[in-house]
Every structure is written in C-alpha cells, then in structure tokens.
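Chain residues, written in single-letter form:
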Amino acid sequence: MKIKMGKVQVNQNLNPIIFLVLMIFSLLLFLMFSINLVSTYIETKDYVKVDSVVTSIGHKHVPNTNEVDSVYHYAELEYVYNGRTYHCNKTLHMAMFYPKINSKMRIYIDPDVPTRFRDTWIIGVDIVACSISLIFALVMIKCYLIRKKQNKNKSK
C-alpha cells in the first residue's frame with residue numbers, strides 16, 4: 001500500500017481476497033477484545049472506587065519447570081473501606097509504570113470482599129487492542145474497495 005497526497009494506492013498484484021481475509025481476521029480480533037472488555041466491566045460493575053497508598057514495592061520468584069524462574073513485581077497497597085484498613089498486593093506489569101512508595105493509587109474493589117480488586121491493566125490492553133484492530137479493519141475495507149475498483153477499471 002502506498003500513500004500519496006491523501007490518496008491510497010493499493011498494489012495491483014494483490015488479490016482482493018487477501019484484504020477480505022485480513023479484514024475478517026481483524027474484525028474477529030476486535031470482537032474478541034470487545035467481549036473481554038465488556039465482560040470485565042459487567043463482572044465488576046458493582047466495584048467501588050477507593051484511594052490507596054503504596055506502602056512498599058517488591059517481587060517474588062516463582063520456580064518454573066524450565067531453567068528460568070518467573071519474577072512477579074507488585075506494589076503493596078493500603079486502603080480504608082467502611083472504616084477498616086486493608087492491605088493487598090497489586091501486580092505491576094510494566095517496569096516504567098512502577099509507583100513510588102507513599103504515592104496514591106486509585107483502585108476498584110469488590111464491596112462484598114474488599115481485598116478483591118479489578119485488574120485495570122488488562123482493561124487498558126483490551127482498549128488498545130480494540131482500537132488497533134478496528135482501525136486495521138477499516139483500512140482493509142478501504143483497500144479492498146480500492147482493489148475491487150481497480151479490477152473493475154482494468155477489465156473495461
């Protein structure tokens with residue numbers, strides 16, 4: 001695909017079916033991530049937003065059957081809900097987003113089991129994946145339509 005001054009040009013050697021298959025695949029990815037996102041929100045719709053404080057940051061080694069152990073990094077959080085103080089460990093997924101000790105972190109907890117909270121990291125991944133797969137599907141639709149038009153013009 002070449003982009004020239006606002007016009008999209010599609011390689012004429014490519015079969016339009018390729019774009020159709022890629023479009024269907026990306027729409028299926030969009031559907032999969034959307035369903036996961038919606039189900040997460042439905043499962044946690046009654047969760048309550050609370051502010052917590054990072055009391056420490058740590059890691060634990062989990063032995064694997066292969067040669068390398070897994071290392072999980074976490075932030076120990078302290079928060080107050082209904083007059084009681086709770087502690088929990090929140091897994092940290094990205095080294096560049098580690099909070100500082102004594103910093104505040106907003107979490108969503110289950111009001112029935114205040115030590116259970118929503119994993120907001122997976123929600124962000126689902127939103128990004130939904131967006132990328134939808135944009136890719138729209139581009140493939142555009143390419144498919146351009147390629148079909150090229151075939152039509154070529155056959156005249």
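### Quick word on the nonpolar core
For step 1, the next point in the chain: Grouped together as the largest cluster of nonpolar side chains are 12 residues: Val50, Val54, Ala75, Leu77, Tyr79, Tyr81, Tyr86, Cys88, Leu92, Met105, Ile107 and Ile109.
For step 2, the next point in the chain: Of all the secondary structure elements, the ones that give two or more residues to this core are strand E3 (48-62), strand E4 (70-81), strand E5 (84-92) and strand E6 (104-109).
For step 3, the next point in the chain: Of the residues forming this core, the biggest block, four residues, is contributed by E4.
For step 4, the next point in the chain: Here Ala75 is in contact with Val54, Ser56, Ile57, Cys88, Asn89, Lys90, Leu92 and Pro99, once residues within four sequence places are set aside.

### Some details on the packing of aromatic side chains
For step 1, the next point in the chain: Inspection of the entire model under this criterion finds one aromatic pair.
For step 2, the next point in the chain: With centroids separated by 5.8 Å and ring planes inclined at 25°, the aromatic side chains of Tyr79 and Tyr86 adopt a geometry described as stacked.
For step 3, the next point in the chain: The lysine or arginine in question, Arg118, covers the ring of Tyr108, its NZ or CZ lying 4.6 Å from the ring centre.

### Describing the environment of Lys60
For step 1, the next point in the chain: Within the secondary structure, Lys60 is located in strand E3.
For step 2, the next point in the chain: Judged by its relative accessible area of 48%, Lys60 falls in the partly exposed class.
For step 3, the next point in the chain: Considered as a pair, Lys60 and Tyr72 are 12 residues apart in the sequence and their alpha carbons are 5.4 Å apart.
For step 4, the next point in the chain: The residues contacting Lys60, other than those within four sequence positions of it, are Ser70, Val71, Tyr72 and Tyr74.

### Overview of the pairing of E5
The side chains of a regular strand alternate between both faces of the sheet.
For step 1, the next point in the chain: Bridging between E4 and E5 involves nine bridges; their strand directions are antiparallel. Along E5, the bridge assignment pairs Val80 with Thr85.
For step 2, the next point in the chain: The antiparallel hairpin formed by E4 and E5 contains two residues in its connecting segment, where Asn82 sits at a positive phi of about 55°.

### Here's the deal with the confidence of the model for the chain
For step 1, the next point in the chain: Averaged over every residue, the pLDDT of the chain is 84; the share at 70 or more is 90%.
For step 2, the next point in the chain: Mean pLDDT per element in the chain: strand E1 (residues 2-4) is the minimum at 49, and helix H1 (residues 16-43) is the maximum at 91.

### What to know about the sheet that holds E6
In sheet architecture, strand pairing relies on hydrogen bonds along the backbone and comes in two forms, parallel and antiparallel.
For step 1, the next point in the chain: Strand order in the open sheet formed by four strands is E5-E4-E3-E6, and the pairing between neighbours is antiparallel. The two strands at the open ends of the sheet, each matched to only one other strand, are E5 and E6. Neighbour-to-neighbour, the strand axes of this sheet turn through a mean angle of 45°, independent of strand direction.

Basis of the calculations
- Residue positions are given per chain, counted from 1 along the sequence in the order it is written.
- Totals for whole chains, interfaces and linings use all residues, but because this is a predicted model, local features are given only for residues with pLDDT of at least 70 and pairs of side-chain atoms are given and counted only at 80 or more.
- Processing note: side-chain calculations cover all non-hydrogen atoms of the structure and skip hydrogens and water entirely.
- By nonpolar core we mean a set of buried residues, namely Ala, Val, Leu, Ile, Met, Phe, Trp, Tyr and Cys, connected to one another through side-chain atoms within 4.5 Å.
- Throughout, exposure labels follow a simple rule: accessible area from a 1.4 Å probe, protein chains only, divided by the maximum for the residue type, with under 20% read as buried, over 50% as exposed, and the rest as partly exposed.
- Strands are runs of DSSP state E lasting at least two residues, helices are runs of H or I lasting at least four, and both sets are numbered from the N terminus onward.
- In what follows, residue pairs with any heavy atoms lying within 4.5 Å of each other are defined as contacts.
- For Phe, Tyr and Trp, where Trp contributes only its six-membered ring, two rings pair if their centres lie within 6.5 Å, and the inter-plane angle classes them as stacked under 30 degrees, edge-to-face over 60, or tilted in between.
- Note on criteria: charge over ring means Lys NZ or Arg CZ within 6 Å of the ring centre, with the direction from the centre no more than 35 degrees off the ring normal.
- Paired strands are those between which DSSP finds at least two bridges.
- The pLDDT score gives, residue by residue, the confidence of the prediction method on a 0 to 100 scale.
- To define axes, lines are fitted to C-alpha atoms, for helices over the stretch in contact only, and angles between the resulting N-to-C directions are given on a 0 to 180 degree scale.

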